[in-house]
Amino acid sequence: MLLVRGDDGAARAFVNQCRHRGAPVVKGCGRASGFSCPYHAWRYDRQGDLIVIPDERSFPGIERASHGLVPLPLVERDGMLWVLPDPDGKLDAAVLDAHLSGMEHDLASYRLAGYCHFESRVLERPANWKMPIDTFLEAYHFAPLHRDTVAPIFFANLCLFDAFGLNHREAVIRKSIQTLREQPESDWDFVKHTAISYQLFPNTVFVMQADHVETWRLFPSQDRPDHCLVYFDCYVPEVPTTDKARKYWEANVDLAIRTVDLEDIAMQVDMERGYQAGVMKEVLIGRNEPSLAHFQRAIHRAVTGTSV
Ligand code: FES
Ligand SMILES: [Fe+2]
């Protein structure tokens, strides 16, 4: 996928394949006045229009006007770009609202348009793509599994859950919330004293971490049910301009990776091996794990079209 902001200020998404023979037109990210395919140098502008075909005489009857990059449906809203990776699909504000089912109000409230990207990581792990998502869906495991990382920061086994269609929101509570007792209720700021995870069905977890945002996106990999790719991205409210600010956000990224990859996902990888053995026929979800139950029901509904 190729994402670009045009001269008119509009964000656009395209299939990242050249209309000549399908080579990727760009790799990585940055600034460019247009895109030149590295294979035979067909050139496109930032609106996706094809502007140069070298040796054009060899392509009689091929009109440049109808051979621009293939556009993908995109909605830009509240600092986020929502793209449907299907050129024939339909995505507009109404379709997006229907999918978010009310969650859009929370996302708008965070004023993400002012945020900037800080760091990304891509991990490949031997677990089903849904299992790393499970790790965000309950606080029951905080005390035993995260004893040396986030357990001192959060109340264990406590969460606030709300469903939004197939998506859901789960807030886990920082112990710092206790300081609010001494403050007038009009000064209370819930976001500051929580980590609020939004599961954007099916494969994205968006976490408002009080003062920054993490997203975790999961994809099956190697065409195997027991392997996945984990895309971690960290966004911060302003470009860090001092060493102190950079170190602060680096420490946050380090804590996220130590907690989620080295503790949560490591546990899921061990569990995947057990699941693959196929000996145990069922597992249990407690009433203290409502997000987990909602995710399982949402998957069932999406796959079968029926509720459980
Ligand atoms: S594949 Fe892009 S110019 Fe040939
Ligand atoms: Fe965890």
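This is a predicted model, so every value here is computed, not measured.

*Asks:* Account for the sheet that holds strand E14 (residues 213–221), naming residues and giving values.
*Replies:* An order of E9-E15-E14-E13-E12-E11-E10 is seen for the 7 strands of this open sheet, with the pairing classed as antiparallel. The open sheet is flanked by strand E9 (116–125) and strand E10 (154–164), the only strands paired with a single partner. With direction set aside, neighbouring strand axes in the sheet form an average angle of 20 degrees. Where E9 and strand E15 (residues 224–236) come together, 9 bridges link them in antiparallel fashion. Bridge assignment links Cys-116 to a residue of E15, and that residue is Val-236. This element, helix H5 (residues 243–277), spans E9, E14 and E15 of the sheet and lies at about 20 degrees to E9.

*Asks:* Describe H5, with residues and values.
*Replies:* Look at H5: 49 Å from first C-alpha to last across 35 residues, which is about the 51 Å you get at 1.5 Å a residue. At Ile-265, H5 shows its maximal bend, which comes to roughly 30 degrees. Where H5 terminates, the next one or two residues include Gly-278, which has phi positive at roughly 70 degrees.

*Asks:* So, the coordination of the iron ion (ligand 2): which residues are in play, and what are the values?
*Replies:* Only His-141 (NE2), His-146 (NE2), Asp-264 (OD) and Asp-264 (OD) from the protein reach the iron ion (ligand 2) as donors, at distances of 2.1 to 2.5 Å. What the 4 donor atoms of the iron ion (ligand 2) show is an angle range of 56 to 149 degrees at the metal, which sorts the shape as irregular. In terms of primary sequence, the donors binding the iron ion (ligand 2) are separated according to H-x4-H-x117-D. Of this pair, His-141 sits in the loop between helix H3 (130–134) and helix H4 (142–145) while Asp-264 sits in helix H5, and the two are 123 residues apart along the sequence.

The rules behind the values
Residues numbered from 1 in each chain as written. Chains lettered and ligands numbered in written order. Predicted model: local features only at pLDDT ≥ 70, side-chain atom pairs only at ≥ 80, totals over all residues. Heavy atoms only, no water. Pairing = 2+ DSSP bridges. Helix = DSSP H or I, 4+ residues; strand = E, 2+ residues; numbered from the N terminus. Axes fitted to C-alpha atoms, helices over the stretch in contact; angles between N-to-C directions. Contact = heavy atoms within 4.5 Å. Expected span 1.5 Å × (residues − 1). Bend = angle between axes of the 7 residues up to and from the residue. Donors = N, O, S within 2.8 Å, 3.2 Å for Na, K, Ca; no water. Tetrahedral: all angles 85-135°; square planar, octahedral: opposite > 155°, others 65-115°.

Without other data, these values stay purely geometric and don't point to any function.
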